[in-house]
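# Structural overview for review
What follows is each chain in one-letter form.
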Amino acid sequence: MIDKASPQPPPVGRVVATEQKPATPHQFHFWTANETSIGIGAIVRVEGAGSGEQGAGKVVYGVVTDGFAYSDLATPLHDVVGAEGDPARAAESPTVRQEIRLWTAAVLRQQPEEPLQPVPLGRVHVATDTDVAQALRMDAYLDGTEPTAIPVGLYTSGGLEAPVYLDADFLLGPEAAHLNISGVSGLATKTSAVEFLLGSIFQHFPPHKGRIAAVCFNVKGPDLCFLDRPGVLEEEDRRRYERLAVRAQPFERVRYYAPFKADGVNLNTLRTHPDLVGDVEPLVWGLREVLDYAEVLLNRDDIDAKADAFIDFLSDRVVDKEFDDGFGGAHRVVTFADLERLFRSIFDGLELGGGRGDTWRTHHIATIRKVRNRLSNISTRAKGLVTDDGPSNDLPWGRFEDRAVYVVDVANVDPLGQDLVFARIVSKLREHLERRDLGVEAVVVFVDELNKYAPADGPETYVKKMLLDISERGRYLGLVLFGAEQFRSQVHRRVVGNAGTIVFGRMDSDELATPGYQVLSPAIKIKLATLPIGELMVRHPHFTQPIFVRFPRPAVLRGRDGVERFPPAADLPFEDAVVRQLVKLDRRVRPNLVKDLIVDRREEDVRRALAHTRQTRPQDAFAHFKKHLGGRVAAAPATARESVPPLNPISDEPY
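Residues numbered from 1 in each chain as written. Predicted model: local features only at pLDDT ≥ 70, side-chain atom pairs only at ≥ 80, totals over all residues. Heavy atoms only, no water.

## Considerations on the overall build of the chain
- Check the secondary structure of the chain and you find 22 helices and 22 strands.
- Considering the chain as a whole, with its 655 residues, one finds that 50% of them fall into the buried category.
- Sequence-distant contacts, at least 24 apart, represent 74% of the contacts inside the chain between residues at least 6 apart.
- When the accessible area of the chain is evaluated, it comes to approximately 31400 Å², of which 50% is carbon and sulfur surface. (Helix = DSSP H or I, 4+ residues; strand = E, 2+ residues; numbered from the N terminus. Buried < 20%, exposed > 50% of the residue type's maximum accessible area, 1.4 Å probe, protein only. Contact = heavy atoms within 4.5 Å. Areas by Shrake-Rupley, 256 points an atom, 1.4 Å probe, with all protein chains shown as cover.)

## Some remarks on the packing of helix α19 (residues 574–585) against helix α21 (residues 603–616)
- Axis separation between α19 and α21 bottoms out at 11 Å; the angle between their running directions is 15 degrees. The angle between α19 and α21 falls in the class roughly parallel. Handedness of the α19/α21 crossing: left-handed. In contact with F574, V578, Q581, L582 and L585 of α19, α21 contributes E603, V606, R607, L610, T613 and R614.
- Here the residues of the contact of α19 with α21 are counted per class, giving six nonpolar, two polar and three charged. (Axes fitted to C-alpha atoms, helices over the stretch in contact; angles between N-to-C directions. Parallel < 35°, antiparallel > 145°, perpendicular 65-115°, else oblique. Left-handed = near helix turned anticlockwise from the far one by under 90°. Nonpolar A, V, L, I, M, F, W, Y, C, P; charged D, E, K, R; others polar.)

## What about the confidence of the model for the chain?
- When pLDDT is averaged along the chain, the result is 83; 89% of the residues meet or exceed 70.
- Every residue in residues 1–6 is under pLDDT 50, and counting partners more than four places away or in other chains gives 11 contacts.
- Scored below 50 in pLDDT, residues 632–655 shows nine contacts in the model against residues more than four places distant or in partner chains. (pLDDT = per-residue confidence, 0-100.)

## Remarks on the environment of G349
- With respect to the helices, strands and loops of the structure, G349 is situated in helix α10 (residues 336–352).
- The spatial distance from the C-alpha of G349 to the C-alpha of G326 is 8.4 Å, given a sequence separation of 23 residues.

## Remarks on empty space enclosed by the protein
- The full count for this structure, using the stated rule, is eight cavities of 30 Å³ or more.
- Empty space within the largest cavity amounts to approximately 70 Å³.
- If you go around the largest cavity, the residues you meet are V152, L179, I181, A193, V194, F196, L197, V503, L536 and F551.
- Of all the elements, helix α5 (residues 190–204) adds the most residues to the lining of the largest cavity, at four residues.
- Classifying every residue of the lining of the largest cavity gives 10 nonpolar, no polar and no charged. (1 Å grid on protein atoms, 1.4 Å probe; cavity = no way out; pocket = protein on both sides within 12 Å on 5 of 7 lines; lining within 4 Å. Points joined across faces, edges and corners; volume = space filled by probe spheres on them.)

## A look at the environment of H204
- By secondary structure assignment, the location of H204 is in helix α5.
- For H204 and A168, which are 36 residues apart along the polypeptide, the C-alpha to C-alpha distance reads 9.1 Å.
- Setting aside residues up to four positions removed in sequence, H204 forms contacts with A149, I150, P151, L244, A245 and V246.
- Looking at H204, its side chain comes within polar contact range of the main-chain oxygen of A245, at 2.8 Å. (Polar contact = N/O pair within 3.5 Å; in protein donor to acceptor, adjacent residues only side chain to side chain.)

## Here's the deal with the sheet that holds strand β5 (residues 99–111)
- Spatially, the six strands close up into a barrel ordered β1-β2-β5-β4-β3-β6, and their pairing is antiparallel. If you compare each strand with its neighbour and ignore which way they point, the axes differ by 45 degrees on average. (Pairing = 2+ DSSP bridges.)

## A few points about the nonpolar core
- F28, F30, I43, I201 and F482 are the most contacted members of the largest nonpolar core, which has 87 residues in total.
- Broken down by element, this core gets its largest block of residues, seven residues, from α5.
- Mapping this core onto the domain boundaries places at least three of its residues in each of domain 1 (11–88 + 97–135) and domain 2 (162–283 + 393–563).
- Setting aside anything within four residues of it in sequence, one finds I43 in contact with G62, V63, L108, V126, A127, V132, A135, L136, Y155 and I547.
- Counting 74 residues, the second largest nonpolar core, distinct from the first, contains F343, I346, L477 and L479. (Core = buried A, V, L, I, M, F, W, Y, C linked by side-chain atoms within 4.5 Å. Domains from an automatic or database assignment.)

## Topic: the layout of surface pockets
- Of the pockets and cavities examined, the largest pocket occupies roughly 660 Å³.
- Lining the largest pocket are 33 residues, with R488, G516, V519, L520 and R539 sitting closest to its centre.
- For the lining of the largest pocket, the secondary-structure elements that each account for two or more residues are β4 (59–71), α15 (493–497), β20 (501–504) and β21 (535–539).
- When its residues are assigned to classes, the lining of the largest pocket shows 16 nonpolar, 14 polar and three charged.
- Per-domain counts for the lining of the largest pocket show at least three residues from each of domain 1 (11–88 + 97–135) and domain 2 (162–283 + 393–563).
- By volume, the second largest pocket is sized at about 410 Å³.
- As for the second largest pocket, its lining consists of 24 residues, and the residues nearest its centre are V277, G278, R580, Q581 and K584.
- Among the secondary structure elements, those contributing two or more residues to the lining of the second largest pocket are β12 (280–282), α19 and α21.
- Ranked by the residues each element gives to the lining of the second largest pocket, the list is headed by α19, at five residues.

## Quick word on the environment of G326
- Among the secondary structure elements, G326 is positioned in the loop between β13 (322–324) and β14 (330–332).
- The partly exposed category is assigned to G326, whose relative accessible area is 40%.
- It is 9.5 Å that separates the C-alpha atoms of G326 and S345, two residues lying 19 residues apart in sequence.

## Focus on the pairing of strand β6 (residues 123–126)
- Relative to β6, strand β1 (residues 13–16) runs antiparallel, the two sharing two bridges. Pairing of R14 across the sheet is with R123, part of β6.
- Where strand β3 (residues 43–47) lies against β6, four bridges are found, and the strand directions are antiparallel. Following the sheet pairing, E47 is matched in β6 by R123.

Here you go:
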């Protein structure tokens, strides 16, 4: 509360109430001098001066939402007549007209809160640090034995610079959860704000709430490819970090994952500079990983209930099990190549069996052919991410580290592959959090471009259903969605509506004209349309009104700066790429021995042996790689060629 014994600065205004503009329990008006530090977004405190004044003892906090200026003129015509129609002569009037500054403020908090009454006609003061904490109800989670305050930025208005905090219980659960941030593209606001907030969360996450990690999907260029590299900060940014009690440093634990390109050995990411590519782990999935999420990849117009039933049969009864095809053949289906051999055996058995009909294990041959065609195309359409044969390489399920960021780079992956990556990783996160065996108690999932993945209209895709599930039930598990988009009005209402904290950067004027922003005053909309870089408007469950804050530049290297400092390397030839991956596993590996070993080998055999070595991580990588490498490809025998008569030396034919 306010210290009554300390000297108070003089008031800057006074509440005024008229028949046309009355004071209410949620809004009031006050006037100030023409020269004042008050502006849109400023927080003020209203209080009575003495025991005999109306409303004495009551303190009201408000935030300025609109402003007006006018004089004693009834109409503009009076001013024109007074200057005889000449604007230059208006300043020569013998008396200066009285001008007034009138401000409208929305109530943030009243003390005492009961009984809830109209705002008293009291004096108006500019808020202090203590007033900001009281007005935004931050005192509830700043103090106490187990504080849950997370710094989000600085309130800067009226000459004040006060830290603003979010409540971890309402940002990361269990009371509420999720964050949504909107803003126009290209102003380094959405991604930068999330990077700063993640760093603040990692440093201030309450110890009693356990461990936390973040999974970030990089869907645009190099945005999140350099989170472990320090960026350039100005002195003003460092001062803001110090004011917020946040260390200005890049993330200490960052793990990068990216699929291969179509060649199966070069990583499909922009983080391929020789000094950085060693930190990138390949993301490769096989049949088992893909079959569980076939719904994401298959065309729903072409896959019916019968096909779904056959896919479930393959997943439950065939994959990873000893299986008799019914025609005398035994199979163990582990890879796409094994599955293709099973399909061939089924088709051959039905076609050559004679009288067996067109049904296999209650499944019609047309259904089997349809599923076979769809599944066989998956490894082709998502080549590099999905392997035909060989072991997979996945995120460290069950071994997530505290305060670690796991960046999954799918910026250059086909949209179909992006859907698969997102759906499978989020599903696995949910499964492990339900079993409490992920390694951490809470995970922040950052997804950009929500306009694409959870649009307000369009078909109900698997990815959209996953996002809805996170936003509606994720907070009970510790699964928190940080989503970003350019146009909030074009994202599914249930996704943005379940976000406990809403952040706005600079907004497009057309977006602000949509119905979702009708609750904002015209002055707030104008400010949102002209926000500078580094300033945001924040809505939080503890704040009864949106608040403008400034956040410092993230202490990590920005994507475009990182590409300039660490330009991506060109794709290596097959042999050199294999050498690089083996040297990454074991620095004792000699490149020349590897190149000699893989001469005349089939590339698929080399990739399979390399994947097995990468998955096993043995003490002697070269020996393990050599052991699992297949035999050499036999040289193709020279075929006999028919003798060709020599050209007539006398002929004029030039060829």
